[in-house]
Amino acid sequence: MLRRQLSLTDRLIQSADRALKTLIPGATAPDRPSPAQGLNEATLNEQEKRHIAGLMRVNHTGEVCAQALYQGQALTARSDKTREAMRQAAIEEQDHLAWCEQRLTELDSRTSYLN
């Protein structure tokens, strides 16, 4: 498949779009089902739910940072091969980002305010 060569401006706009989709809750949907899908939910008390939600918030923040890393590397890569590898890594990590957000919703919680 022939790909159009994107200008720096095109790539900057794409990066801004991906950044917004990363930071806006609900804007990223997974391509694959969650590995937790179909598992029975453990009975958790409120303290356990808050603790787990806090851990998931940290995990979600790590996934946001992974997106920034891969997108930044793709944007600045000189090699088309490296650029495409970074884009593919970011796409795969989008599932993790969405799964963390899903779990936070299941726990009646939220992502980090710092996002």
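Before any of the text, the structure's been laid out above.
All values derive from a computational prediction rather than experimental measurement.

Q: I'd like a rundown of the overall build of the chain, residues and numbers included.
A: In terms of regular secondary structure, the chain is built from 3 helices and 0 strands. Taken from the N to the C terminus, the helices and strands of the chain come in the order α-α-α. Overall, the chain is about 55 × 30 × 20 Å in size when its C-alpha atoms are taken along their principal axes. Evaluated residue by residue, the chain yields a buried proportion of 28% over its 115 residues. Once local pairs closer than 6 in sequence are excluded, the contacts in the chain between residues at least 24 apart make up 79%. Carbon and sulfur atoms provide 57% of the accessible area of the chain, an area that totals close to 8,200 Å². Distance between charge centroids for the chain: 8 Å, based on 15 positive and 15 negative side chains.

Calculation criteria
- Within each chain, residue numbers correspond to sequence positions counted from 1 in written order.
- For this predicted model, a pLDDT threshold of at least 70 governs which residues receive local features, and a threshold of 80 or more governs which side-chain atom pairs are given and counted, while totals over whole chains, interfaces and linings are taken from all residues.
- To get the side-chain values, take all heavy atoms of the structure and skip hydrogens and water.
- Numbering goes from the N terminus for both helices and strands, where a helix is a DSSP run of H or I of at least four residues and a strand is a run of E of at least two.
- When a residue's accessible area, from a 1.4 Å probe over protein chains only, is under 20% of the maximum for its type it is buried; when over 50% it is exposed; and in between it is partly exposed.
- Between two residues, a contact is recorded if the distance between any of their heavy atoms is within 4.5 Å.
- Surface exposure here means Shrake-Rupley accessible area, sampled with a 1.4 Å probe, where a residue is shielded only by the protein chains that are shown.
- Here Asp and Glu are counted as negative and Lys and Arg as positive; His is not counted, and neither are the chain ends.
- The atom standing in for a charge is NZ when the residue is Lys, CZ when it is Arg, CG when it is Asp and CD when it is Glu.

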